[in-house]
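Residue-level listing of the chains:
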Amino acid sequence: MKEIATILGVPVNPYTMDEAVEKLTKDTLAKKTNFVVTANAEIIMMAQQDADYKKLLLEKTDMILPDGAGTVWAGNYLGYTIPERVAGYDLYLRLLEEASKKEIPVFFFGGKPGIAEEAAAEGKRRWPGLKVAGCRNGYFSAEEEPDIIEEINRSGAAMLFAALGAPKQEKWLCKYSDLLKPCLRMGIGGSFDVLAGKVQRAPKWMQDAKLEWFYRLVKQPSRFGRMLALPKFVMAVRKEKK
Ligand code: UDP
């Protein structure tokens, strides 16, 4: 058992991508529930401002993975061993690949109307065996929530990908954890937008150079406010070490 890294009070499991994919696929086939979060610096900083969110991450999740160069840096800087980054989007694609091989039905929940369907079509193009049990956009009223849960459960999906953005997706998955039937529940932010080709991911060399944040900032300048979380995160981690 590897030592869990506690970064600003958030417990991060130091799995590699391969280990996470293997465990989550195996658990899903064995009908074991996993509520998965890929925690980047922004999520960890959100948890500093939002006590309910921090409590949820601490007590209600099954696996928190190190997303983003910031989280990997922080874990290692604080003396833990975090072998690599497990980015939410990459994990989502790897799980789709496994789901297609093992015939595990998946449900795409979130994004603007039509985007989950477009992401599903692209998923089926990449992995023709992929079984998309259902799609539902992420814009709804509280009154619609029981119907959404019913739709997800009736679909027979065993993996539920919720793309509502953090912390909304985690709060939603947690609120309905006892009612939802899919074993794997994971928040994936804007991943449907990327798979559907609406938003571009940074080129591989920029990801490797730990510059994905910079690419996103140039492409979506409106994210500037959100990105201030990054330097604040670095300062908070340095302070924690002291
Ligand atoms: N979204 C949604 N419902 C909402 C708010 C947001 O489905 O009420 C979707 C939005 O369309 C986008 C995603 O959630 O696809 C959030 O994307 P963002 O880039 O903020 O997430 P990140 O990848 O940065 O976590």
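Structure's up top.
This write-up is about the structure you can find in this document. Just so we're clear, the structure is a prediction, and the values are computed from it rather than from any experiment.

With respect to the helices, strands and loops of the structure, Arg-136 is situated in strand E6 (residues 132-136). At a separation of 3.2 Å, a polar atom in the side chain of Arg-136 contacts the side chain of Asn-137. With residues near it in sequence (within four places) discarded, Arg-136 still touches Phe-107, Phe-108, Phe-109, Gly-110, Ala-116, Glu-144, Ile-148 and Glu-151.

In the vicinity of the ligand, 15 residues are found, and the nearest of them are Gly-111, Gly-138, Lys-168, Asp-193 and Arg-223. Ala-163 is positioned such that a nitrogen or oxygen atom in its backbone is 3.2 Å from an oxygen atom of the ligand. One of the backbone nitrogen or oxygen atoms of Gly-165 is found 3.4 Å away from an oxygen atom of the ligand. Considered class by class, the residues forming the shell around the ligand number 3 nonpolar, 6 polar and 6 charged.

For the rest of this paragraph, the subject is the nonpolar core. Core analysis: the largest hydrophobic core is formed by 40 residues, its most contacted members being Ile-7, Leu-57, Phe-109, Ile-152, Trp-172, Leu-180 and Phe-233. Filtering out sequence-adjacent residues up to four positions away, Trp-172 remains in contact with Phe-109, Phe-140, Glu-145, Ile-148, Ile-149, Ile-152, Leu-164 and Leu-180. Within the second largest apolar cluster, 37 residues are counted, among which are Ala-99, Trp-127, Ala-158 and Ala-163.

The next point concerns helix H3 (residues 51-59). Tyr-53, Leu-56 and Leu-57 are the residues of H3 that are buried. All buried residues of H3 project into a common sector of 95° when viewed along the axis, lining one side. Along H3, the residues that are exposed and aim more than 90 degrees away from the buried face are Ala-51, Asp-52 and Glu-59. On its buried face, H3 is in contact with strand E2 (10-12), strand E3 (34-39), helix H2 (41-49), strand E4 (63-66) and helix H8 (168-175). One side-chain oxygen of the residue at the start of H3 lies 3.1 Å from the amide nitrogen of Asp-52, identifying that residue as Asp-50.

This paragraph deals with the environment of Phe-214. Its location among the elements puts Phe-214 in helix H11 (residues 212-219). In sequence terms Phe-214 and Met-227 are 13 residues apart; their C-alpha atoms lie 9.4 Å from each other.

Before going further, it helps to spend a moment on unusual backbone geometry. Residue Pro-167 is reached from Ala-166 by a cis peptide bond, and omega for that bond is 5°. Mapping Pro-167 onto the fold places it in the loop between strand E7 (159-163) and H8. Backbone geometry places Lys-31, a non-glycine residue, at a positive phi of 60°. Residue position: Lys-31 is located in the loop between helix H1 (17-29) and E3. Although it is not a glycine, Glu-103 adopts a positive phi angle of roughly 55°. You can see Glu-103 is positioned in the loop between helix H5 (88-102) and strand E5 (106-110).

The next subject is the pattern of salt bridges. If you walk through the whole model with that rule in mind, you get 19 salt bridges. A salt bridge links Lys-171 to Asp-50; its shortest N-O distance comes to 2.7 Å. Placement of the pair is Lys-171 in helix H8 and Asp-50 in the loop between H2 and H3, with a sequence separation of 121 residues. Judged by relative accessible area, Lys-171 falls into the partly exposed class, the value being 34%.

Rules and cut-offs
- Residues numbered from 1 in each chain as written.
- Predicted model: local features only at pLDDT ≥ 70, side-chain atom pairs only at ≥ 80, totals over all residues.
- Heavy atoms only, no water.
- Helix = DSSP H or I, 4+ residues; strand = E, 2+ residues; numbered from the N terminus.
- Polar contact = N/O pair within 3.5 Å; in protein donor to acceptor, adjacent residues only side chain to side chain.
- Contact = heavy atoms within 4.5 Å.
- Near = heavy atom within 4 Å.
- Nonpolar A, V, L, I, M, F, W, Y, C, P; charged D, E, K, R; others polar.
- Core = buried A, V, L, I, M, F, W, Y, C linked by side-chain atoms within 4.5 Å.
- Buried < 20%, exposed > 50% of the residue type's maximum accessible area, 1.4 Å probe, protein only.
- Arc of directions from axis to C-beta.
- Salt bridge = Lys/Arg side-chain N within 4 Å of Asp/Glu carboxyl O.

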